[in-house]
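So you can see what is in the structure, the chains are spelled out below.
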Amino acid sequence: MNKKGLAILMRTKMRPLSPTFASSKSKLNQMQTSQLEGDKVSSQDASLLPEREFSQVRESMHSAMSTNKTEIVDVALDEFSEGYFFLSPENRYKMLLSLAKEYDLNRTQVRELMKQHLDLQLPSDKAEDSGHEEEGSLSAFYRIERNLRQALKPMYEVLFERLNTHPGGLKFLSDIRADILCLLGDVNIASLRALDSHLKEKLITWLSPANLELHNITWDDPASLLEKIVAYEAVHPISNLIDLKRRLGIGRRCFGYFHPAIPGEPLIFIEVALMKDVAATIQEVLWDNPPISEHEASCAIFYSISSTQPGLSGINLGKFLIKRVVDVVKKDMPNICVFATLSPIPGYRQWLLSKLASSEMTGSAFKEILLRPEEEKALMDASGGSDLGSSGIEVMWNVLTSKNHEWTKSPNLVSALRTPMMRLCARYLMKEKKRGKALDSVANFHLQNGAMIGRLNWMADRSQKGLTQSAGIMVNYIYRLDNIEDSAQAYQNEGHIESSSDFKSCIEDDNGEKAD
């Protein structure tokens, strides 16, 4: 353990992953470069070499698309992928814009082919059984349609496809898309959006579950892999080597999806706790000791899922990963009968603060009643006549915006806040939507995968991150194996959200009736 722990610790400290460009003010200048193992140049080397000439890198990009000789294509792809990372953020922007605009499809050719297609006389339904004249007309349709399909492919598709089969090319494509997404956050250019859409579709195809390998990550894996688990853990940071070993030890599992073209690095990984009951706090998952014997466990709790590639944003690998993990755990441990999550609610506190602010500014005739009389009284009593505010809304606002979350040290405030905070959180998860889907990103992820909302948990995450995101509230999403597909379909088609009776009891409409 000592040698491996030292290796992980040193590698994580000495070679940070995904460093951002320095001296950046806009999202354009925040594009991340990938300096992971397997890249041709390390971050230290990159800082010592002069920036490649833009024209040189652009020429290699052009050659990689326009040349058909394999040996020339391979050299051009190498030069382009290496040179791209030496470009300044501004020149990357120029490069991507050049790719999007100058290597788009030939619309003049498309319009001409469409005109030819429209000029043809439609063949009869029985054309294939008729004479040579009808057969010739049908052949003309097939020829033009084939040419039209070809013309509708932008030239940069050739670059993507050649990179996909080139060593290191799939990782490079993911890095390029990360830069495109960063740019699209700063500028709104149609050709750049089209470039992103086309690349995303290609990545979805190449990263289909059939092309991915599931691996149970353990302490016996190489330090270089465990280092990446530490670096990429996005939900509950791994605090030390003891924490890491516990997450990979008895009563815990960690599964990752790997692609053969990106060896030694998971595209996404999920952490699982094997427990007797559905966890109500993250403390019992991460820190309570000792873990139970695995044969005593009846619940598998998914408590963290992290993607390692920003360029794969919007590609739902997590859905397939969860289903594969359920199958593996069920097969290996028949005693596990409940599959659930203990999930953060990242958007809740910010949503609630906006509601509180709006309520204070709105005229009385249109004012939304957020607090019930008994909740108002409890908050005022808990504030003890302090300077927290003259109304329950003011008290709640001042408490939730206080520095260092001082309110968590007051049992009276914690008790008074529980009922309204839980009720409004249930409303946020169940009723607040965007384009017909759950407003909260984590809720939307699990609901579209076929889960239902199970139980809200008060003070489930007392970490700085947990309190900032949702005042410490967490939620269990339940994956009912006999109903996953139906729930996913109902949510996708109708925006219908499945929830438990326990959760529904938290929601009441304006007339005091229980929610459906």
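Source: prediction; values computed, not measured.

The rules we used
Chains are numbered independently. Their residues run from 1 in the order of the written sequence. Restriction of local features to residues with pLDDT of at least 70 applies here, the model being predicted, together with a cutoff of 80 or more for giving and counting side-chain atom pairs; totals for whole chains, interfaces and linings are based on all residues. For the side-chain quantities, the full set of heavy atoms in the structure was used; hydrogens and water were omitted. Note on aromatic contacts: the rings of Phe and Tyr and the six-membered ring of Trp form a pair at centre separations within 6.5 Å, being stacked when their planes are under 30 degrees apart, edge-to-face when over 60 apart, and tilted otherwise. Runs of H or I in DSSP of at least four residues are treated as helices and runs of E of at least two as strands, each being numbered from the N terminus. Per-residue accessibility, obtained with a 1.4 Å probe over protein chains only, is compared with the maximum for each type, and a residue is labelled buried under 20%, exposed over 50%, and partly exposed between these values. The criterion is that NZ of a Lys, or CZ of an Arg, lies within 6 Å of the ring centre and within 35 degrees of the ring normal, and then a charge sits over that ring. Salt bridges are counted wherever a side-chain nitrogen of Lys or Arg sits within 4 Å of a carboxyl oxygen of Asp or Glu.

Chemist: An account of the packing of aromatic side chains is needed here, citing residue identities and associated values.
Modeler: Scanning all chains against the criterion turns up twelve aromatic pairs. On the basis of an interplanar angle of 45 degrees and a centroid distance of 6.4 Å, the ring pair of Trp407 and Trp458 is categorised as tilted. Taken together, the residues span a long stretch of sequence, with Trp407 in the loop between α17 (392–400) and α18 (411–431) and Trp458 in the loop between β8 (452–457) and α20 (464–470) at a distance of 51 residues. Pair check on accessibility: Trp407 and Trp458 agree, each one buried. Of the aromatic side chains, those joined through ring pairs into one cluster are Phe80, Tyr84, Phe85 and Phe172. Here the basic side chain of Lys94 rests over the ring of Phe54, its NZ or CZ set 4.4 Å away from the ring centre. Over the ring of Tyr491 we find Lys437; its NZ or CZ atom is 5.8 Å from the centre of that ring.

Chemist: Residue-level account of the pattern of salt bridges, with values.
Modeler: Overall, the coordinates contain 19 salt bridges when judged by the stated rule. Two residues, Asp119 and Lys115, come together in a salt bridge whose shortest N-O distance is 3.3 Å. Here Asp119 pairs with Lys115, and both are found in helix α6 (residues 107–119), just four residues apart, close to one helical turn. Owing to a relative accessible area of 56%, Asp119 belongs among the exposed residues under this scheme. The partly exposed category is assigned to Lys115, whose relative accessible area is 48%. Put simply, Glu406 and Lys409 hold a salt bridge, and the shortest N to O gap is 3.4 Å. Given the relative accessible area of 39%, Glu406 is considered partly exposed. Bridged by salt links that share partners, the residues Glu233, Asp243, Arg247 and Glu271 form one connected network.

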